[in-house]
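Each chain is listed here by its residues.
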Amino acid sequence: MTAPTEETQAPDLLYSQAEDDLRAAVRSLLADRCDAPAVLARIESDAPYDQRLWKALAAGIGAAGLLVPEELGGQGAGHREAAVVLEELGRAVAPAPYLTSAVVATEILLALGALDGPVTELLRDLATGRKVAVLAVPFSALSPGAAQPAGVVADALEGTMTGVADAPAADVLLVPTTDGLYAVETGAEGVTVEPLVPLDLTRPLATVTLAKAPGTRLANGASAVFAVRRGLLAGAGLLASEQLGLAEWCLTETVRHTRERHQFNRPVGSFQALKHRMAQLWLEVVSARAAARNAADALATGSRDTPLAVAVAQAYCSKVAVHAAEECIQLHGGIGMTWEHPAHLYLKRAKADSIAYGTAGNHREVIAELVDLPAP
Amino acid sequence: MTTPDAAELRRRTQELLAAHPPATTDRTDFLKARFDAGLAWVHYPAGLGGLDAPRSLQSVVDTELAAAGAPDNDPRRIGIGLGMAAPTILGYGTDEQKQRFLRPLWVGEEVWCQLFSEPGAGSDLAALGTRAVRAGEDWVVDGQKVWTSSAHLARWAILIARTDPDQPKHRGISYFICDMTDPGVEVRPLRQITGEAEFNEVFLTGVRIPDSRRLGPVGEGWKVAQTTLMNERVSIGGARIPREGGMIGPVARTWRARPELRTHDLHQRLLGLWVEAEVARLAGTRLRQQLVAGQPGPEGSGMKLAFARLNQEISGLEVELLGEDGLLYSDWTMRRPELVDFTGHDAGYRYLRSKGNSIEGGTSEVLLNIVAERVLGLPAEPRNDKDVPWKDLTR
């Protein structure tokens, strides 16, 4: 048996000028509309998302249509650019249905390869941010096999899906069934979206119940499985960039706090025990950036290496984000345990993200298969 | 003379090859001719093995010479001379010193070693206690150095010694070139954890060094040593490696070839380390891309940290994976290798030798401090050794 060989084309792991410009635009918008007090206020309100923020991000900056070709009303950019948006959304723990709608649902519709009809119509709506669509499977699902398919009886859908991310904000549900992929309007008769109490308050979850719900069939069984797999792969791959942005914020804020906070007549950040922990975290963040960029570049270029690049990024970045958030709480001391300080939002998001689209352990199992390191 | 471009260097290389055909020329004679033609290190000054050309054009010369089957100087064996002594002599040496030392150094006729570390001065190198006392035109040196690779092969050494104990520790140091064949220089092999004696201890007893072999002004040896040390760290993390190219390679191959060794615990640990090795490789790739794009980041200082820990964890796993075979060791016979060679040995050697990866060239603890202070901007710990005369410090 032979070891898998290295990809022939070296991935581009840097940021382009256009990506830096996009980052600056998103960061500036989030600084204006989505600072920590705004996020705290939002999660205690009834509306999961700030509609004005979403409109500015999705339509104003055009972030929602980055993956969509220009002829379908999108920006014709790609995963590298979407990854930069996600880094900024992670850095701000911004509540916005970007990953679920602008990445996963959009990727699924693109993978269906339709040139007209309901698929392209929905894509146009997603690209401009007019509508939000989410895949109606548990947020923890790594593969289409882990999804809970609904049943179809005489063109009406039946079934219950739990833990569906961003469903409370969705206009349209993409429902995988044994009979193919359906689009279901959340406002239609027979559709119930029951919000759950999520660990991560910045990304709402819901149980979706379909009882004789009407749906539009978008694809048959085989194309649906392929497209959903593709959507989950993109979701997992770009989630790594959200985790990277989140980890960076935790490190930056921890460094800032420990420089300012004095104990024993010294800044606590001058104690070697703390410095080493932050330096170690910096090394993890630097490494996470390489892994996340590699996954985004593989998705963007359609590299044969994509499944491995995504699994490596998830297996690594999930742990880095959680570690950064946990260190952030500890090194902030008591203030890190308070509701007023945003650190808890980052810990909750990091921990929930570590389960989203498969845990690090799930992704290591994928790697074992891909690089031929089988279990006993 | 104008700065030569690639075409000019190619022309000069062909001239060298025509005048000294590699097939019929003695190796050392060819290397001397190459040095004299200014094609040794093209960014060095004319007359000192170079042509004042951009450093990046060295590859033009190297490619032409390799294609013609020309002999190379062995940069691994003479690494300390090439990588550390030469740039320091170029930066601080007199004309006479440059003329005397650079050519035989580059040709490999004279091997160099580095007399910096001492039993009481490792991470805190500036605390060194080896004394150099002025005696007429000479300095008389007494002290002990340690961790000196190649000392048993070396003709020359770069040496730092204390010339003014009344000054604070960084200010009373001077930098010398020491002749390893002089009376009073004694080299003893230092046998290590692997059984090999890869390093030496060097004892200096009344060694007389003429003042003409001092590098830089008296008392400014610490500044000169910074040039040497910066050049030491330049190469770390620079190599391009393929997937499974590092220490993870042998473990992964053993895993595939020997299913009977597999356990669930080892599988989990192997996959975790495989991921970390792959990510470290990608971080190295990203670092190189940043350098090429002219955006050098501080990531380089982190790569050595990552590889030290990974090498140690992976080789530890490898010994355990081998089970019964992991109880054995290839050979404890005392040997004196000229080079460190991880892959030419068994798992037990890799496990033991990699323990040094977090100590040599700056301990991981010191590197973490450097990252914390220079990259993250965290405050330094209070120091009590900066303004105190060296002779009054606790030792």
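Quick caveat: nothing in here was measured; it's all calculated off a predicted structure.

What counts, and where the lines are drawn
Along each chain, residues carry numbers from 1 onward, in the same order as the chain's sequence is written. Starting at A for chains and at 1 for ligands, labels are handed out in the order in which the entities are written. Given that this is a predicted model, residues contribute local features only at a pLDDT of at least 70 and side-chain atom pairs are listed and counted only at 80 or more, while totals for whole chains, interfaces and linings are drawn from all residues. As a convention, hydrogens and water are excluded, and side-chain values are obtained from all of the structure's heavy atoms. Each helix is a run of H or I in the DSSP string that is no shorter than four residues. Each strand is a run of E no shorter than two, and both are numbered from the N terminus. We compute the radius of gyration from the C-alpha atoms alone; for a globule the expected value is 2.2 Å times N to the 0.38, where N is the number of residues. Buried residues are those whose accessible area, probed at 1.4 Å on protein chains only, stays under 20% of the maximum for their type, while exposed residues exceed 50% and partly exposed ones sit between those limits. For this analysis, residues touch if any pair of their heavy atoms sits within 4.5 Å. Each accessible area is a Shrake-Rupley result for a 1.4 Å probe, and residues are judged covered by the shown protein chains and nothing else. In this count, Lys and Arg are taken as positive residues and Asp and Glu as negative ones, while His and the chain termini are left out. In plain terms, the charge of a residue is placed at NZ if it is Lys, CZ if Arg, CG if Asp and CD if Glu. A helix is expected to span 1.5 Å multiplied by its residue count minus one. Every residue carries a pLDDT, the predictor's confidence in it, which falls somewhere between 0 and 100. Two strands pair if DSSP finds at least two bridges between them. Axes here refer to lines fitted to C-alpha atoms; in helices the fit is confined to the stretch in contact. Angles between the N-to-C directions go from 0 to 180 degrees. Simply put, the buried area is the total loss of 1.4 Å probe accessible area from both parts when two parts are fitted together. Any carboxyl oxygen of Asp or Glu that lies within 4 Å of a side-chain nitrogen of Lys or Arg is treated as forming a salt bridge with it. We call two N or O atoms a polar contact when they sit within 3.5 Å, provided that within protein one can donate a hydrogen and the other can accept it, with sequence-adjacent residues counted only if both atoms are side-chain atoms. Basically, the charged four are Asp, Glu, Lys and Arg, the nonpolar ten are Ala, Val, Leu, Ile, Met, Phe, Trp, Tyr, Cys and Pro, and anything else, Gly included, counts as polar. An angle counts as roughly parallel when it lies under 35 degrees, as roughly antiparallel when it exceeds 145, as roughly perpendicular when it falls between 65 and 115, and as oblique in every other case. Each crossing gets its hand from how the near helix is turned against the far one by less than a right angle, where anticlockwise is left-handed and clockwise is right-handed.

Undergrad: Looking at this structure, I do not really get the overall build of chain A. What am I missing?
TA: In terms of regular secondary structure, chain A is built from eleven helices and ten strands. Radius of gyration (C-alpha) of chain A: 21 Å, near the 21 Å computed for a compact globule of 376 residues. With respect to the three principal axes, the spread of C-alpha positions in chain A is 75 × 55 × 45 Å. Here chain A, with 376 residues, has 59% of them falling under the buried criterion. Long-range contacts, defined as pairs at least 24 residues apart, comprise 76% of the intrachain contacts of chain A with a sequence gap of at least 6. Of the roughly 14,700 Å² that chain A leaves accessible, carbon and sulfur atoms contribute 53%. The average position of the 30 basic charges and that of the 43 acidic charges among the side chains of chain A differ by 6 Å.

Undergrad: Explain helix H9 (residues 306-332) of chain A to me, please; I cannot follow it from the model alone.
TA: Each full turn of the α-helix corresponds to 3.6 residues, which orients residues three or four apart in the same direction. End to end, H9(A) covers 38 Å across 27 residues, agreeing with the expected 39 Å (1.5 Å per residue, within 8%). A positive phi of about 65° marks A:Gly333, the residue just after H9(A).

Undergrad: Which parts of the structure should I look at to understand unusual backbone geometry?
TA: As a rule of thumb, non-glycine residues mostly have phi less than zero, and peptide bonds are mostly trans rather than cis. Even without being glycine, A:Phe264 reaches a positive phi, approximately 55°. Among the secondary structure elements, A:Phe264 is positioned in the loop between strand E9 (262-263) and strand E10 (266-267). Residue A:Phe264 is classed as exposed on the basis of its relative accessible area, which comes to 74%. Located in the positive-phi region is B:Glu244, a residue other than glycine, with phi close to 60°.

Undergrad: Would you mind going over the confidence of the model for chain B with me for this structure?
TA: Low pLDDT marks regions whose predicted coordinates should not be analysed in detail. Taken residue by residue, chain B gives an average pLDDT of 92. The fraction at 70 or more is 97%. In the predicted complex, the global pTM is 0.91; the interface-specific ipTM is 0.94.

Undergrad: Quick question: what am I supposed to make of the sheet that holds strand E5 (residues 180-185) of chain A here?
TA: Adjacent strands of a sheet pair through backbone hydrogen bonds, lying either parallel or antiparallel. Residues and elements named next belong to chain A. Across the sheet, four strands lie side by side as E1-E4-E5-E8; this open sheet has mixed pairing. The sheet is open, and its two edges are formed by strand E1 (133-135) and strand E8 (216-219), each paired on a single side. Between one strand and the next, the sheet's axes are offset by a mean angle of 30°, whatever the strand orientation. Note: strand E4 (residues 172-177) against E5, six bridges, orientation antiparallel. Opposite valine 175, over in E5, you have tyrosine 182 as the bridge partner. Against the sheet, helix H5 (residues 98-111) engages E1, E4, E5 and E8, with an angle of about 70° to E1.

Undergrad: Whenever I open this one, the interface of chain B and chain A confuses me. Can you help?
TA: A common way to report how large an interface is uses the accessible area buried once the components associate. Between chain B and chain A, the residue contacts involve 50 residues of the former and 50 residues of the latter. Each partner contributes to the roughly 4,300 Å² buried at the junction of chain B and chain A, and carbon and sulfur atoms together form 68% of this total. When the buried area of chain B at its contact with chain A is split by residue, B:Arg243, B:Arg256 and B:Arg286 rank highest and sum to 17% of it. The tally of links between chain B and chain A comes to four salt bridges. Here B:Arg243 ties to A:Asp305 by a salt bridge, and the two come within 2.8 Å at their closest N and O atoms. The interface formed by chain B and chain A includes 16 residue pairs in polar contact (both at pLDDT 80 or more). The biggest single contributor to the side of chain B that touches chain A is helix H8 (residues 264-292) of chain B, with 18 residues. Looking at the side of chain B that touches chain A residue by residue, the classes come out as 24 nonpolar, 13 polar and 13 charged.

Undergrad: Sorry if this is basic, but what is going on with the packing of helix H1 (residues 17-33) of chain A against helix H4 (residues 79-91) of chain A here?
TA: Helices that pack against each other are described as a pair by the angle of their axes relative to one another and the distance between those axes. All names here are of chain A. Their axes nearest at 9 Å, the elements H1 and H4 cross at an angle of 30°. In this view, H1 runs roughly parallel relative to H4, as classed from their interaxial angle. The chirality of how H1 crosses H4 is right-handed. Of H4, the residues touching H1 (which contributes Glu19, Leu22, Arg23, Val26, Arg27 and Leu30) are Arg80, Glu81, Val84, Val85, Glu87, Glu88, Leu89 and Arg91.

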